[in-house]
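Each chain, letter by letter, is given below.
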Amino acid sequence: MGVEIKEPAKAGHMSGQRFRMFQEGRPDHERWELVAGVPMMMTLPTIAHNRIAGNLEHLLNDALAGHHQSRIAMQRPGIELGSGEFRPEPDVAIIDAEYEPDQRFVDRAYLLAEIVSATDGTRVPDTETKWIDVKRTIYLAHAPCEAVLIIEQDRMEVRLDTKTQNGWTSQTLGPADDLNLPAFGLQCAVAELYEGTPLQPRRERKRSA
C-alpha cells in the first residue's frame, strides 16, 4: 500500500545511525529529517500548522485520559522510524506514557499524524515521490501503529488509515465528517482539529449577566 521506498547506497549519503549522531550535536530547537540520505532542516511551521497539531494533541490526550492512561499524545516526539536513508519525524504521535527523564527516542508509536506543510510537498531526491507519501508509507509499515492521519492545513481534509484484522483501510474525511478513533477513545468533528485557524475562527463566548 502506498509508494515503494527505494534506498540505494550512494557515496556521501548519511546512514540512519550517522544521522542520529548528527542530530545529537544540533540545538534542540532545530528540526531535522533524513530524506534519501540527505539531512534536511524543516522550515518553520506556520501558525495554522502549530494550531492544528496542538488541537490534535489536546483532543487525543483528553480522550486517552479516560480510555487508555498508559499512553499519551505528544508533538514531535523522537521515534525510531524508517530504515537506511530515511528518518521522518511525525508532527503528533501517541506513545507509551512511561519514559526516562533524559530519553530522546522511543521505538513504539500507536498513532502517527502529519499536518501537511510546504516541505512535505517537496519530492524525494532522484524520484517523483513526495516526502509526505514516503512518510505515510513508513508509518504504515511501523508494526505497533494502529492509525495514521494526514491532515491538510489549507483545507478541512483528513486522510485516515486505520489498521484492522484484515489489514489497513483508508478513507478521506471532510468538514462535515466525524473523526472516529475508537482504539484511542476519540470521537470528534473534523472541524475541531481546525479550531482557532482561519478555516475555523474562534467565536467570542457570550458572558452571562
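Everything discussed here concerns the structure shown above.
Attention in this report is confined to the structure presented alongside it. (Residues numbered from 1 in each chain as written. Predicted model: local features only at pLDDT ≥ 70, side-chain atom pairs only at ≥ 80, totals over all residues. Heavy atoms only, no water.)

**Looking at unusual backbone geometry**
- Non-glycine residue Arg-76 carries a positive phi angle of around 50°.
- Among the structural elements, Arg-76 can be located in the loop between strand S3 (71-75) and strand S4 (78-79). (Helix = DSSP H or I, 4+ residues; strand = E, 2+ residues; numbered from the N terminus.)

**So, the nonpolar core**
- Among the nonpolar cores identified, the biggest contains 30 residues, and Leu-60, Leu-111, Leu-149, Ile-151, Leu-179 and Leu-181 are the most heavily contacted of them.
- Going through the elements one at a time, helix H2 (47-65), strand S5 (92-96), strand S7 (111-116), strand S8 (147-152), strand S9 (158-164), strand S11 (178-181) and strand S12 (186-189) are the ones with two or more residues in this core.
- With seven residues, H2 is the single largest residue contributor to this core.
- Of all hydrophobic cores here, the second largest spans 20 residues; its members include Ala-109, Leu-112, Trp-131 and Cys-145. (Core = buried A, V, L, I, M, F, W, Y, C linked by side-chain atoms within 4.5 Å. Buried < 20%, exposed > 50% of the residue type's maximum accessible area, 1.4 Å probe, protein only.)

**Structural notes on H2**
- Here H2 spans 27 Å end to end across 19 residues, near enough to the 27 Å set by a 1.5 Å rise per residue.
- Buried within H2 we find Ala-48, His-49, Ile-52, Ala-53, Asn-55, Leu-56, Leu-59, Leu-60, Ala-63 and Leu-64. Projected down its long axis, H2 shows its buried positions confined to an angular sector of 160°, all on one face.
- Where H2 is buried, its residues meet S3, S5, S7, S8, S11 and S12. (Expected span 1.5 Å × (residues − 1). Arc of directions from axis to C-beta. Contact = heavy atoms within 4.5 Å.)

**Remarks on the pairing of strand S10 (residues 167-173)**
- As judged from the seven bridges shared by S9 and S10, these two strands associate in the antiparallel manner. Along S10, the bridge assignment pairs Thr-162 with Thr-169.
- Taken together, S9 and the strand that follows it, S10, pair antiparallel across an intervening segment of two residues. (Pairing = 2+ DSSP bridges.)

**A word on the pattern of salt bridges**
- For the structure shown, the criterion picks out nine salt bridges.
- Across the pair Arg-71 and Glu-146 runs a salt bridge whose closest N-O atoms are separated by 3.4 Å. You can see Arg-71 sitting in strand S3 and its partner Glu-146 sitting in the loop between helix H3 (131-141) and S8, a full 75 residues away along the chain.
- Residue class for Arg-71 comes out buried when judged on its relative accessible area of 14%.
- Judged by its relative accessible area of 25%, Glu-146 falls in the partly exposed class.
- A salt bridge links Arg-155 to Glu-152, with the shortest nitrogen-to-oxygen separation between them at 3.6 Å.
- A residue is classified by how much of its surface remains accessible, and Arg-155, at 37% relative accessible area, is partly exposed.
- Residues joined by salt bridges that share partners form a network here, namely Glu-152, Asp-154, Arg-155 and Glu-157. (Salt bridge = Lys/Arg side-chain N within 4 Å of Asp/Glu carboxyl O.)

Structural measurements only, silent on function.
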